[in-house]
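One letter stands for each residue in the lines below.
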Amino acid sequence: LPVYYYCYFYMGFLVFENKNELLKFLEKKWIWVLLLHAIIVAVTFFANRYYGCRDHLILFRSATFILLLFYIANLPLVQKKFYDSKFVMIISQYSFGIYVFHQYIIWQLTRAHIEWFDHLVTDYYLFFPIVFYVLVFSFSTLLTHLCLKTKIGRFLLA
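Definitions and cut-offs
- In every chain, residue numbers begin from 1 and rise along the written sequence.
- Where local features are concerned, this predicted model is filtered to residues with pLDDT of at least 70; where side-chain atom pairs are given and counted, the filter is 80 or more; whole-chain, interface and lining totals use all residues.
- Only heavy atoms go into the side-chain values, all of them from the structure, while hydrogens and water stay out.
- Numbering goes from the N terminus for both helices and strands, where a helix is a DSSP run of H or I of at least four residues and a strand is a run of E of at least two.
- Only protein chains enter the accessibility calculation, which uses a 1.4 Å probe. A residue is then buried if its area is under 20% of the maximum for its type, exposed if over 50%, and partly exposed in between.
- Working rule for contacts: check all heavy atoms of both residues, and any pair within 4.5 Å makes them a contact.
- We define a nonpolar core as any set of buried Ala, Val, Leu, Ile, Met, Phe, Trp, Tyr and Cys residues linked to one another through side-chain atoms lying within 4.5 Å.
- Fitted lines through C-alpha atoms serve as axes, helices being fitted only where they are in contact, and the angles separating the N-to-C directions of these axes extend from 0 to 180 degrees.
- Each angle is binned into one of four classes, with values under 35 degrees roughly parallel, values over 145 roughly antiparallel, values of 65 to 115 roughly perpendicular, and all other values oblique.
- Handedness of a crossing follows from how the near helix is turned relative to the far one, being left-handed for an anticlockwise turn of less than a right angle and right-handed for a clockwise one.
- Under this grouping Gly is polar, as are all residues other than the nonpolar Ala, Val, Leu, Ile, Met, Phe, Trp, Tyr, Cys and Pro and the charged Asp, Glu, Lys and Arg.
- Residues are called lining when one of their atoms sits within 4 Å of a cavity or pocket point, these points coming from a 1 Å grid over the protein atoms alone, where a cavity is a set in which a 1.4 Å probe fits but cannot get out and a pocket is an open set with protein on both sides within 12 Å along at least five of seven lines.
- Grid points are joined across faces, edges and corners, and a volume is the space filled by probe spheres set on the points.

Overview of the side chain of serine 140
Thinking step 1. Position of serine 140 among the secondary structure elements: in helix α7 (residues 128–147).
Thinking step 2. The exposure class of serine 140 is buried, given its relative accessible area of 0%.
Thinking step 3. Leave out the neighbours within four places in its chain, and serine 140 touches Ile98, Phe101, His102 and Ile105.

A closer look at the nonpolar core
Thinking step 1. Counting residues in each nonpolar core, the largest one holds ten residues, listed as Tyr94, Ile98, Phe101, Ile105, Phe117, Phe128, Phe132, Val136, Leu148 and Leu157.
Thinking step 2. Counting only elements with at least two residues in this core, the list comes to α5 (86–111) and α7.
Thinking step 3. The element that contributes the greatest number of residues to this core is α5, accounting for four residues.
Thinking step 4. Excluding its chain neighbours within four sequence positions, the residues that come into contact with phenylalanine 117 are Leu109, Thr110, Phe128 and Phe132.
Thinking step 5. If you look at the next biggest cluster of nonpolar residues, it comprises eight residues, including Val15, Leu67, Phe70 and Tyr71.

Focus: the packing of α5 against α7
Thinking step 1. Running from N to C, α5 and α7 point in directions that differ by 125°, and their axes come no closer than 8 Å. Considering their axes alone, α5 and α7 lie oblique with respect to each other. The way α5 lies across α7 gives a crossing that is right-handed. Here Ile91, Tyr94, Gly97, Ile98, Phe101, His102, Ile105, Ile106 and Leu109 of α5 come into contact with α7, specifically with Phe132, Tyr133, Val136, Phe137, Phe139, Ser140, Thr141, Leu143, Thr144, His145 and Cys147.
Thinking step 2. Here the residues of the contact of α5 with α7 are counted per class, giving 14 nonpolar, six polar and no charged.

Points about the layout of surface pockets
Thinking step 1. Taken as a whole, the largest pocket holds about 430 Å³ of empty space.
Thinking step 2. In terms of lining, the largest pocket is formed by Tyr5, Tyr8, Phe9, Gly12, Val15, Phe16, Ile66, Leu69, Phe70 and Tyr99.
Thinking step 3. It is helix α1 (residues 2–17) that provides the largest number of residues to the lining of the largest pocket, a total of six residues.
Thinking step 4. Its residues assigned to classes, the lining of the largest pocket comprises nine nonpolar, one polar and no charged.
Thinking step 5. Lining the second largest pocket are twelve residues, and of these Ile91, Ser95, Ile98, Tyr133 and Phe137 lie nearest its centre.
Thinking step 6. Those elements that place two or more of their residues in the lining of the second largest pocket are α5 and α7.
Thinking step 7. Residue classes in the lining of the second largest pocket are distributed as eight nonpolar, four polar and no charged.

Everything listed here is a matter of coordinates, which is why it stays silent on function.
The structure is reproduced here in structure tokens:
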């Protein structure tokens, strides 16, 4: 799936490469980026509902969201409060493994068409994604922790 998600990884690369310029820009214009993002969310919602959503709108919506998250993550209060926490340090170390296992588990379960699983998804469509995300995230973190205890796991996931 790297080709499928390439544009998002590339946007992340561009944000990181130009972080100083982006932070200077966002210091003065963050409210405009927030407003633009809200407009794009509304447009993509209605466009998807009536016309089918356009890929460029989704990509632009993602880009403005990434900019807002980047700005929030670089606020001094946020950096002081969260970046030094043990939980964030563990998630930071395990992030690639969590991504790999999370993606694989969700991909397999949603494409398997297991009858009881499909019923859970359709019957509890509001509650299920939250619970499923927490369970898969926890399981992915555990799998990553166990894999990082081996030489092969450290080679592949670290």
